[in-house]
Amino acid sequence: MILRKRTTSSCLNAVASRLQSTAATVTIDSSYLQNEGTIEGVWIFHRHGDRAPNRYLGSPAYQTVESSHWYSRIPPRHAASSTSSYSHYAALSHYFPPNIHPSQNNGNYLDVNREPYGYLTYRGMDQMRCVGKRFRIRCDRYGYRRQNKKKEKQSSFLEDWDVQAYSTNYLRTVTSVQCFLDGLIGSNNNTHNDSANRQKQQLLNAGGGLKRYYRDAGRHEHIDATTLTSLEVVPTTIPVQVRDKTIDTLNAFDKRPTMMNELVKNVIQTDNFQRIDDQAKALATQLSDLLPGLRNAPQAFGGTPSGINWIHANDHFVCRRAHGIPLTAFSDYEGSDDESAVETMLESLAIPVCSHLSWRFREWYACPKLVSAVAAPPFREILDQMIDVTTRGEDDDERRPFVVYSAHDVTLLALLYAIGADFLVSGEDCGGRDMVEGSTEGGGKTHSHMIEGAVSSDGQSISSSWRWWPDYSSAIAFELVRLNHGQEYGDTGHIIRVILNGRTLRLIPRLTLEDEGILKDQTPCSRQRFGEVSEEGQCQMLSLSDFAQIISVLEQSSYASSADEEDYNTYSEAKIGVEGG
């Protein structure tokens with residue numbers, strides 16, 4: 001079933017007509033911040049799972065041995081043996097087939113020419129399956145169920161939810177959302193089962209029961225036909241759509257490279273960016289001495305004063321930390337008398353590198369036109385679908401939308417800045433290791449706060465810095481929540497809950513063109529805040545009219561590129577952050 005979609009004008013008119021007698025701000029019990037109400041629509045934007053580093057950065061003498069290591073961490077693209085007719089990718093694609101539009105690089109992935117670099121690892125596949133499973137548990141517990149299914153103890157997820165999946169045109173993002181769907185619809189996630197049964201169920205996956213072949217063991221793992229059930233077991237397939245560039249809302253950097261190139265260059269050329277990025281030259285030089293590949297890695301937009309690609313530099317720390325690999329491995333320092341000293345020195349650089357990377361994108365997304373170019377199209381798309389749900393009567397028995405967008409770290413950052421996530425836009429800065437959510441386990445903490453499907457709002461401290469960077473498999477969920485009877489606010493029966501990695505967010509969005517995207521002269525208390533709990537246990541929740549106003553401000557800040565339709569067909573070798581994301 002394809003989601004019903006309205007025109008922009010009809011959507012805004014629907015919001016206006018239904019909320020004209022109601023104040024835009026909905027103040028209700030703070031329990032709605034977390035798990036109260038009935039979830040009637042879910043829109044998830046996730047980063048792909050753990051991957052190999054995007055480029056080899058070491059000395060040429062060690063490229064073969066390091067490449068062999070990363071090959072051991074990724075699934076082989078082809079059948080593992082002559083006796084097996086399935087590769088991991090083919091097995092997932094049986095049930096979640098990719099549908100790449102010809103306008104997207106002639107129907108071919110953009111990231112398959114540097115294998116194993118940039119490829120999703122077994123660990124990343126498992127991360128995404130776990131994220132999907134947690135959302136399944138959440139929807140089973142707090143989500144919509146069709147009227148004729150409410151009396152049944154068990155019902156198929158697809159009987160209640162119209163699942164749609166979209167991805168950018170990268171093998172790692174397509175495979176990530178396939179694994180998300182594998183965890184979402186495969187196992188029976190009855191939250192009343194005892195822990196032993198739940199553990200047993202976690203050993204099976206969707207798509208007819210793929211074995212848990214992608215548990216990262218640091219070696220090649222193989223698949224054979226006995227681990228697959230027949231296609232007849234699966235009631236339906238869910239395609240992963242990489243849409244026509246002209247209508248795709250997910251990746252502005254690849255969709256309109258000329259426009260985005262101009263916008264980013266405008267930021268880079270500002271005095272403030274030039275001055276601070278120039279101050280990072282010493283750090284860049286130190287890194288390049290240790291990682292010589294940084295000197296030759298391409299930079300987008302003609303380069304910046306610091307002279308290196310900071311996403312590639314950050315990769316060295318993130319990827320190795322996630323897999324327990326020493327920072328000096330595969331280098332002249334490994335096994336030398338200086339190994340310990342150099343390892344310690346490299347460890348001391350991890351935070352400054354991530355910090356500078358975060359600062360650069362913060363400068364980019366402080367530009368209203370740039371953040372609008374990334375965030376306004378997907379926000380408009382999901383608002384249209386939200387309004388469609390709210391216009392249905394309570395007795396309507398149609399499935400509700402569950403939409404998954406598989407993207408990149410820079411995409412998630414743009415959405416968070418655009419929606420006004422307070423830990424990013426308020427300017428708070430905790431510094432230190434707390435700025436990276438999964439710093440102690442290479443991303444293992446992600447989503448750990450969605451316990452048994454419940455989310456919390458008690459832990460803003462973990463995200464109290466604009467230096468935060470999205471972990472692998474991070475996910476932002478926009479939940480459309482129907483208020484319980486008696487809790488309606490005027491004519492408003494629905495609110496929007498925004499969740500990041502299992503925690504609901506406090507928001508300070510731009511509601512007028514005069515509002516700052518990142519607070520400098522304005523103070524947080526001078527702006528309308530959503531998700532702030534009062535002493536009385538009440539909080540302001542985001543209504544559809546609030547969301548429509550946020551989008552309107554973004555669109556009024558948008559940029560009309562001088563480029564014509566040819567921009568859609570321009571292929572940019574220097575693919576901004578998504579190359580590293």
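Above this note sits the structure.
For clarity, every value in this text was computed on a predicted model and none was experimentally measured.

Caption draft 1: View of the pairing of strand 7 (residues 475–482). In terms of residue burial, strand 7 counts as a mostly covered element, since eight of its eight residues are buried. Residue alternation in strand 7 divides its side chains into two sets, Ala 475, Ala 477, Glu 479 and Val 481 and Ile 476, Phe 478, Leu 480 and Arg 482, and both sets are buried. Examined bridge by bridge, strand 2 (residues 38–47) and strand 7 share eight bridges and lie antiparallel to one another. Opposite Thr 38, over in strand 7, you have Arg 482 as the bridge partner. As paired strands, strand 7 and strand 8 (residues 494–500) are joined by seven bridges and run antiparallel to one another. Bridging from a neighbouring strand, Phe 478 pairs with Val 498 of strand 8.

Caption draft 2: Main features of the packing of helix 14 (residues 339–365) against helix 16 (residues 409–419). Taken N-terminus to C-terminus, the directions of helix 14 and helix 16 make an angle of 50°; their axes are 10 Å apart at the nearest point. In terms of axis orientation, helix 14 runs oblique to helix 16. When you trace helix 14 past helix 16, the crossing you get is right-handed. Here Phe 361, Arg 362 and Tyr 365 of helix 14 lie close against helix 16, whose contacting residues are Val 410, Leu 413, Ala 414 and Tyr 417. Considered class by class, the residues forming the contact of helix 14 with helix 16 number six nonpolar, no polar and one charged.

Caption draft 3: Looking closely at the packing of helix 3 (residues 88–95) against helix 6 (residues 171–185). Running from N to C, helix 3 and helix 6 cross one another at 60°; their axes reach a closest spacing of 10 Å. Accordingly, the angle class assigned to the pair helix 3 and helix 6 is oblique. Between helix 3 and helix 6 the crossing geometry is left-handed. Between helix 3 and helix 6, the residues in contact are Tyr 89, Leu 92 and Ser 93 and Leu 171, Thr 175, Gln 178, Cys 179 and Asp 182, respectively. Grouping the amino acids of the contact of helix 3 with helix 6 by side-chain chemistry returns four nonpolar, three polar and one charged.

Caption draft 4: Representation of helix 12 (residues 281–290). When helix 12 is considered as a whole, its buried residues turn out to be Leu 283, Ala 284, Leu 287, Ser 288 and Leu 290. Viewed along the axis of helix 12, the buried residues span an arc of 160°, placing them on a single side of the element. Pointing more than 90 degrees away from the buried face of helix 12 are the exposed residues Ala 282 and Asp 289. Contacts from the buried residues of helix 12 go to helix 13 (310–323) and helix 14.

Caption draft 5: How the structure looks around helix 16. With eleven of its eleven residues buried, helix 16 lies for the most part within the structure. Among the residues making up helix 16, those that are buried are Asp 409, Val 410, Thr 411, Leu 412, Leu 413, Ala 414, Leu 415, Leu 416, Tyr 417, Ala 418 and Ile 419. Just past helix 16, the residue Gly 420 takes up positive phi, approximately 85°.

Cut-offs and rules
- Residues numbered from 1 in each chain as written.
- Predicted model: local features only at pLDDT ≥ 70, side-chain atom pairs only at ≥ 80, totals over all residues.
- Heavy atoms only, no water.
- Buried < 20%, exposed > 50% of the residue type's maximum accessible area, 1.4 Å probe, protein only.
- Helix = DSSP H or I, 4+ residues; strand = E, 2+ residues; numbered from the N terminus.
- Pairing = 2+ DSSP bridges.
- Axes fitted to C-alpha atoms, helices over the stretch in contact; angles between N-to-C directions.
- Parallel < 35°, antiparallel > 145°, perpendicular 65-115°, else oblique.
- Left-handed = near helix turned anticlockwise from the far one by under 90°.
- Contact = heavy atoms within 4.5 Å.
- Nonpolar A, V, L, I, M, F, W, Y, C, P; charged D, E, K, R; others polar.
- Arc of directions from axis to C-beta.

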